[in-house]
Amino acid sequence: ATDNNYVPFEFIDQGTDELVGLDIDLINAIAEEAGFDIEIEQMEFSGIVSAIPSGRFDIGIAGMTITEERKENIDFSQPYYDAGLILAVLEGSEEEISSIDDVDGKTVATRVGSTSEAYLEENTDANIEAFPEITEAYQSVLTGRADAVLYDKPNVEYYAETEGGGEIVTVGDLLQGEQYGIAFPKGSELRDEVDEAIDNLKESGEFDEIYNKWFGGSE
Ligand code: GLN
């Protein structure tokens, strides 16, 4: 199970109409390394978090942050990507909102079921607008309906440089360090196979190749 709205981890390439991204390359490389076949199904991010525990899917890969709460119902692979949350605003509003301390009473857009939504609920008095797709959150900042957006730094920066056309700028510090893991139903035997495949891809250099393809620099 994956998502299709999360640059540059899983998204639809506008030119080819194909699902591409770091996670897609990674899960294909893992499947080849471990010797199993995969079928990819696309769904809304919050749907993945709730579908994995049910066992309807064997594997979930969607830039999913490893959290203590999710670990109650999901087994995660070893961490494969270091991320964290960052606030962003429309270019020109950096003085009005220069950090998370300025969002109380403001409208902050994010995505349903994400760690950013939880962060806003727990740490701010912002008026939270959570959308099923994160691109809708960025659109609402671009059109002035929301004052800011809170989301994962790699996604915010990639969007800002591409579709965002430089009109969305990040403000303040990284708010919460996070790590992404591949998700499995509790007790899945695939977890160890996948972890071993990740070790092998790191050793062979294939992992770095995938990372560099999407981020143009190694960790
Ligand atoms: N890393 C974030 C989370 O796990 C968002 C992931 C996503 O939108 N695909 O909540």
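Attention in this report is confined to the structure presented alongside it. Note that this is a predicted model, so its numbers are computed, not measured. (Residues numbered from 1 in each chain as written. Predicted model: local features only at pLDDT ≥ 70, side-chain atom pairs only at ≥ 80, totals over all residues. Heavy atoms only, no water.)

Two elements in contact, helix α5 (residues 134-142) and helix α6 (residues 153-161), have axes whose closest approach is 12 Å; the angle formed by their N-to-C orientations is 55 degrees. In this view, α5 runs oblique relative to α6, as classed from their interaxial angle. Seen from above, α5 lies across α6 with right-handed handedness. For the pair α5 and α6, the contacting residues are Ile-134, Thr-135, Tyr-138, Gln-139 and Leu-142 in the first and Asn-155, Val-156 and Tyr-159 in the second. Residues of the contact of α5 with α6, tallied by class, amount to five nonpolar, three polar and no charged. (Axes fitted to C-alpha atoms, helices over the stretch in contact; angles between N-to-C directions. Helix = DSSP H or I, 4+ residues; strand = E, 2+ residues; numbered from the N terminus. Parallel < 35°, antiparallel > 145°, perpendicular 65-115°, else oblique. Left-handed = near helix turned anticlockwise from the far one by under 90°. Contact = heavy atoms within 4.5 Å. Nonpolar A, V, L, I, M, F, W, Y, C, P; charged D, E, K, R; others polar.)

What follows covers the nonpolar core. Ranked by internal contacts, the top residues of the largest apolar core, which has 44 residues, are Ile-30, Tyr-80, Tyr-138 and Ile-182. Looking at this core, the elements with two or more residues in it are α1 (22-34), β5 (81-90), α5, β8 (148-152), α6, α7 (190-204) and α8 (206-215). The leading source of residues in this core is α1, at six residues. If near-sequence neighbours (up to four positions away) are discounted, Tyr-80 is found in contact with Leu-22, Asp-23, Leu-26, Ile-61, Gly-63, Tyr-180, Gly-181, Ile-182 and Phe-207. Leu-87, Val-108, Tyr-119 and Ala-148 belong to the second-largest nonpolar core, a separate cluster that totals 14 residues. (Core = buried A, V, L, I, M, F, W, Y, C linked by side-chain atoms within 4.5 Å. Buried < 20%, exposed > 50% of the residue type's maximum accessible area, 1.4 Å probe, protein only.)

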